[in-house]
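Commentary on secondary and tertiary structure
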Number of protein chains: 2
Amino acid sequence: MALLVVGSVALDSLETPFGRREDVLGGSASYFSACSSFFGPTRLVAVVGEDFPEEHVRFLAGRGVDLAGLSREPGKTFRWKGRYEFDLNTAHTLDTQLNVFAGFRPVLPASFRGSEFVFLGNIDPDLQRAVLDQVERPRFVGCDTMNYWITSKRQSLLETLKRVDMLFVNDAEARQLAGEHNVVKAARAILSMGPRSLVVKRGEYGALFFSGDEVFAASAFPLPEVFDPTGAGDSFAGGFMGYLAHRGRADAPTMRRAIVLGSVLASFAVEQFSLDRLRTLRPEEIRARYAEARGLAHFDDLESDLFNGAATPG
Amino acid sequence: MALLVVGSVALDSLETPFGRREDVLGGSASYFSACSSFFGPTRLVAVVGEDFPEEHVRFLAGRGVDLAGLSREPGKTFRWKGRYEFDLNTAHTLDTQLNVFAGFRPVLPASFRGSEFVFLGNIDPDLQRAVLDQVERPRFVGCDTMNYWITSKRQSLLETLKRVDMLFVNDAEARQLAGEHNVVKAARAILSMGPRSLVVKRGEYGALFFSGDEVFAASAFPLPEVFDPTGAGDSFAGGFMGYLAHRGRADAPTMRRAIVLGSVLASFAVEQFSLDRLRTLRPEEIRARYAEARGLAHFDDLESDLFNGAATPG
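- The name given to chain A in an unreviewed UniProt entry is PfkB domain protein, and the organism recorded there is Anaeromyxobacter dehalogenans.

Describing the overall build of chain A
- Secondary structure assignment for chain A yields 11 helices and 13 strands.
- Dimensions of chain A, computed from C-alpha atoms along their principal axes, come out at roughly 75 × 40 × 35 Å.
- The burial tally for chain A puts 60% of its 314 residues in the buried class.
- Sequence-distant contacts in chain A: of pairs separated by 6 or more residues, those separated by 24 or more amount to 63%.

Quick word on the environment of Trp80 of chain B
Residues and elements named next belong to chain B.
- For Trp80, the location among the structural elements is in strand E6 (residues 79-84).
- Each C-alpha atom of the pair Trp80 and Arg257 lies 32 Å from the other, and the pair is 177 residues apart in sequence.
- Setting aside residues up to four positions removed in sequence, Trp80 forms contacts with Leu11, Asp12, Ser13, Leu14, Ala91, Thr93, Asp95, Thr96 and Thr230.

Description of helix H9 (residues 252-269) of chain A
- Helix length check: H9 of chain A (18 residues) gives 26 Å between terminal C-alpha atoms against 26 Å at 1.5 Å per residue, within 8%.
- In terms of residue burial, H9 of chain A counts as a mostly covered element, since 16 of its 18 residues are buried.

What to know about the packing of aromatic side chains
Residue and element names in this part refer to chain A.
- Counted under the stated rule, the structure contains 31 aromatic pairs over all chains.
- Centroid distance Phe39 to Tyr243: 6.2 Å. Interplanar angle 75 degrees. Geometry classified as edge-to-face. With a gap of 204 residues between them, Phe39 in the loop between helix H1 (28-36) and strand E4 (42-48) and Tyr243 in helix H8 (residues 232-247) connect regions that are remote in the sequence.
- Using a relative accessible area of 0% as the deciding quantity, one classes Tyr243 as buried.
- Relative to Phe101, the ring of Phe78 lies with its centre 4.9 Å away and its plane at 10 degrees, an arrangement referred to as stacked. Here Phe78 is found in the loop between strand E5 (65-72) and strand E6 (79-84), whereas its partner Phe101 is found in the loop between strand E7 (91-97) and strand E8 (117-120), with 23 residues between them in sequence.

Details of the interface of chain B and chain A
- Each partner contributes residues to the interface: chain B has 60 residues there, and chain A has 60 residues.
- At the junction of chain B with chain A, the criterion picks out 12 salt bridges.
- The closest approach of N and O atoms between Arg257 of chain B and Glu303 of chain A, which form a salt bridge, is 3.3 Å.
- Here chain B is connected to chain A by 32 residue pairs in polar contact (both at pLDDT 80 or more).
- Tallying contributions element by element places helix H11 (residues 283-297) of chain B first for the side of chain B that touches chain A, with 9 residues.

Considerations on unusual backbone geometry
- Of note in the backbone geometry, Asn99 of chain A takes a positive phi value of approximately 50 degrees without being a glycine.
- With respect to the helices and strands, Asn99 of chain A occurs in the loop between E7 and E8.

As for the pattern of salt bridges
- Scanning the model with the defined rule gives 48 salt bridges over all chains in all.
- Residues Asp126 of chain A and Arg129 of chain A are paired through a salt bridge, measuring 3.4 Å at the closest nitrogen-oxygen approach. Linking Asp126 of chain A with Arg129 of chain A, this pair stays in helix H3 (residues 125-134), spanning 3 residues, or about one helical turn.
- By relative accessible area, Asp126 of chain A is classed as partly exposed at 33%.
- Between Arg72 of chain B and Glu54 of chain B there is a salt bridge, and its shortest N-O distance comes to 3.2 Å.

Quick word on the sheet that holds E6 of chain A
All names here are of chain A.
- The mixed open sheet is built from 4 strands, whose spatial order is E3-E2-E6-E7. Looking at which strands have only one partner, the edges of the open sheet turn out to be strand E3 (19-26) and E7. Neighbouring strand axes in the sheet, compared pairwise and without regard to direction, differ in orientation by 15 degrees on average.
- As judged from the 6 bridges shared by E6 and E7, these two strands associate in the antiparallel manner. Opposite Trp80, over in E7, you have Thr96 as the bridge partner.

Examining the side chain of Ser267 of chain A
All names here are of chain A.
- Relative to the helices and strands, Ser267 is located in helix H9.
- Its relative accessible area of 5% is what places Ser267 among the buried residues.
- Separated by 2.7 Å, the side chain of Ser267 and the backbone oxygen of Val264 make a polar contact.
- Filtering out sequence-adjacent residues up to four positions away, Ser267 remains in contact with Phe221, Leu223 and Arg289.

Comments concerning the relation of the copies chain B and chain A
- Each copy superposes on the other: chain B lies on chain A with an RMSD of 0.0 Å after a rotation of 180 degrees and an axial shift of 0.0 Å. Viewed as a symmetry operation, the transformation between the two copies matches a two-fold axis.
- Most of the interface of chain B is mirrored in chain A: 100% of its interface residues are interface residues there too.

Brief notes about the packing of helix H3 (residues 125-134) of chain B against helix H5 (residues 154-161) of chain B
All names here are of chain B.
- Where H3 contacts H5, the two axes come as close as 8 Å, and the packing angle between them is 25 degrees. As far as their axial angle goes, H5 and H3 are roughly parallel. Crossing of H3 over H5 shows left-handed handedness. On H5, the residues touching Pro125, Asp126, Gln128 and Arg129 of H3 are Ser156, Leu157, Glu159 and Thr160.
- For the contact of H3 with H5, a count of residues per class yields 2 nonpolar, 3 polar and 3 charged.

Each value, and the rule that gives it
Residues numbered from 1 in each chain as written. Chains lettered and ligands numbered in written order. Predicted model: local features only at pLDDT ≥ 70, side-chain atom pairs only at ≥ 80, totals over all residues. Heavy atoms only, no water. Helix = DSSP H or I, 4+ residues; strand = E, 2+ residues; numbered from the N terminus. Buried < 20%, exposed > 50% of the residue type's maximum accessible area, 1.4 Å probe, protein only. Contact = heavy atoms within 4.5 Å. Expected span 1.5 Å × (residues − 1). Phe/Tyr/Trp six-rings, centres within 6.5 Å; stacked < 30°, edge-to-face > 60°. Salt bridge = Lys/Arg side-chain N within 4 Å of Asp/Glu carboxyl O. Polar contact = N/O pair within 3.5 Å; in protein donor to acceptor, adjacent residues only side chain to side chain. Pairing = 2+ DSSP bridges. Axes fitted to C-alpha atoms, helices over the stretch in contact; angles between N-to-C directions. Least-squares fit on C-alpha atoms with pLDDT ≥ 70 in both. Parallel < 35°, antiparallel > 145°, perpendicular 65-115°, else oblique. Left-handed = near helix turned anticlockwise from the far one by under 90°. Nonpolar A, V, L, I, M, F, W, Y, C, P; charged D, E, K, R; others polar.

Given below as structure tokens:
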């Protein structure tokens, strides 16, 4: 089924302990669609400026991304400059220039309005609902957000959450949104706000998935080399939503496979700067790492007679 | 097969966001043996002072712990006072009184020297080797350590590591021991120091197990209530080693089940102060949470035709 993503397409400047890059391709919709496009065509809605290099447009189009919703506006492209310390878990924003993104008012081409699977990237929750208003009959809506919207536009975000099926946040955002430190309690509180499901991303530790009474814990792939964590969350969402849309369903076993695929795509994305690893990534590598993830997580059932001779509390 | 633990038996005073307790039962050998004894008898070597309450001796003996190696010396019992902040991940030591533990020179009763499975709790690495010298033919040696020994007695610790089968450390300790931030690279470096296997405990995030080229990731049980993280690592080791000794083997599938059982025991230990939850814990609860851990981690294989229609990099 058709998958739509609305988010940012940006030019990033990055500093990590392993090097730096200037004005490389970035943005949530870029990472998302580069990953989701492994599973099927993806419709992208975003805005870039006059300075946006044509090579990036060709790259995304070459991945089967439908760019009918990518508008080019007078001015400069959204720029983000960030630095990662040695632990690579926390991004420090050095500079943000919204440029044309400041005036972003997503308008869906007519051909996009029938999309069944929708991912709302991390943008103003007012705009997220404006997107949903333009989708005729969404079957599954995924949504990202961040600390900025949780504090500065909380009421609007809560309105959006009533209309989404699944929220993607990291653990700090989950705690902040719920006002609760314990992640299990925070998850329960967030599920009561509207989303049927929630994924709590925990960086190098993996992700927790909550849906009703179900909990699924996916370990992140332990990587010997992490070059650039930028876009890991959007790559996760792209792998997740791409697989769901490809399957056209969102039952529990499908969601679990989707979460592992999200982790797998994220694990590739961080191996090189920007989207570089996604440019060379091949389906058979995704399949092989998924199989490794199965091996990583597998353990057998206990013996039925285990405790027969055991001491019991007196 | 017979399991031996050498470590501390202490009186802890604890402050957490949920309350405080004074002079409650603590120490690595206490937590370890309370957990390992679910799987079979455990031989304990430790020292306490004249003030050590008889009720704690009765509790451990009632769990089938062989206390022939628990010596009572003139003076006071080892005391540790700690505080946990809201995130519960980091213990802040407020006070340590070694007391009789300062002169601890572990001597194994003759009846303990044939133990096949040995766990060296977090003590001076000189003493850890002195214990091994007294064991006739150990089949599997587990070893804990901490930042203090890694920095102040590094050479001695490296000598000990040559004689152990498996090291138990947390991620900060693994990084410090290896001098390497990336946990996968740190694990490889540690395996080159001697241990055949390594478990890296990551608190609320679970544990990574490394052995040769094998990696196993066990998610911690997501708990809505964590009261007191004290002893979680020793409970993990107790569940792990108790199961291994019960099975009398240490092949890869057995090690994986043991790691999950270690996580399960640790998840119970933190639900109440001190060893209180372990006092009421029953084997069927361990079995049930192990089954939940299986449900938490399970996901299916991918469809074989998944990428047939996918875009591939150009």
